[in-house]
Amino acid sequence: MCQHQTQCPSADAVDREAARILAAFPEQGWSLLCNGVIVFEDTGEILPDGTMIEPHRGPARHALAA
């Protein structure tokens, strides 16, 4: 799917979120990556095979200071 040199990580790679953005819809909160992954602003993802990845952002920085 990816035509970039060097190729972007595949959808099943650990670093799949490092792929380039093909289409961004910030007003709707999602972007399509060139590896077919849809990423959401809450860090959730949908993989090309339909697998859903739950949001996985860490705790807020201010919560760590406590």
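Each residue is numbered by its place in its chain's sequence as written, counting from 1. Where totals are concerned, whole chains, interfaces and linings use all residues; where local detail is concerned, this predicted model gives features only for residues with pLDDT of at least 70, and gives and counts side-chain atom pairs only at 80 or more. Processing note: side-chain calculations cover all non-hydrogen atoms of the structure and skip hydrogens and water entirely.

The name that an unreviewed UniProt entry assigns to the chain is DUF5999 family protein, with the source organism given as Paractinoplanes rhizophilus.

## A short note on the nonpolar core
For clarity, the threshold we go by: Grouping buried Ala, Val, Leu, Ile, Met, Phe, Trp, Tyr and Cys residues that are joined through side-chain atoms within 4.5 Å yields what is termed a nonpolar core. The cut-offs for exposure are 20% and 50% of the maximum accessible area for each residue type, with area from a 1.4 Å probe on protein chains only; residues under the lower value are buried, those over the upper are exposed, and the others partly exposed. Any two residues whose heavy atoms approach within 4.5 Å at even a single point are treated as in contact.
If you look at the biggest cluster of nonpolar residues, it comprises eight residues: Cys8, Ala11, Ala19, Leu33, Cys34, Val37, Val39 and Leu47. Each residue touching leucine 33, except ones within four places of it in the same chain, is listed here: Arg16, Glu17, Ala19, Arg20, Ile21, Leu22 and Val39.

## Quick word on the pairing of strand S2 (residues 30–33)
Short version of the rule: Think of it this way: any DSSP run of H or I at least four residues long counts as a helix, any run of E at least two long counts as a strand, and we number them from the N terminus. When DSSP finds at least two bridges between two strands, those strands are taken to pair.
Side-chain alternation along S2 places Ser31 and Leu33 on a buried face and Trp30 and Leu32 on a face that remains uncovered. By the bridge criterion, four bridges tie strand S1 (residues 21–25) to S2 in an arrangement that is antiparallel. Each residue of the ladder has a partner; that of phenylalanine 25, found in S2, is tryptophan 30. Connecting the antiparallel pair S1 and S2 is a turn made up of four residues, with glycine 29 showing a positive phi of about 85°.

## Regarding the sheet that holds strand S5 (residues 52–53)
Ordered by their spatial adjacency, five strands build an open sheet running S1-S2-S3-S4-S5, and the pairing between neighbours is antiparallel. Edge positions in the open sheet fall to S1 and S5, since each of these has one partner strand only. Two strands pair when backbone bridges link them, and strand S4 (residues 45–46) and S5 are joined in this way by two bridges, in the antiparallel orientation. Opposite isoleucine 46, over in S5, you have methionine 52 as the bridge partner.

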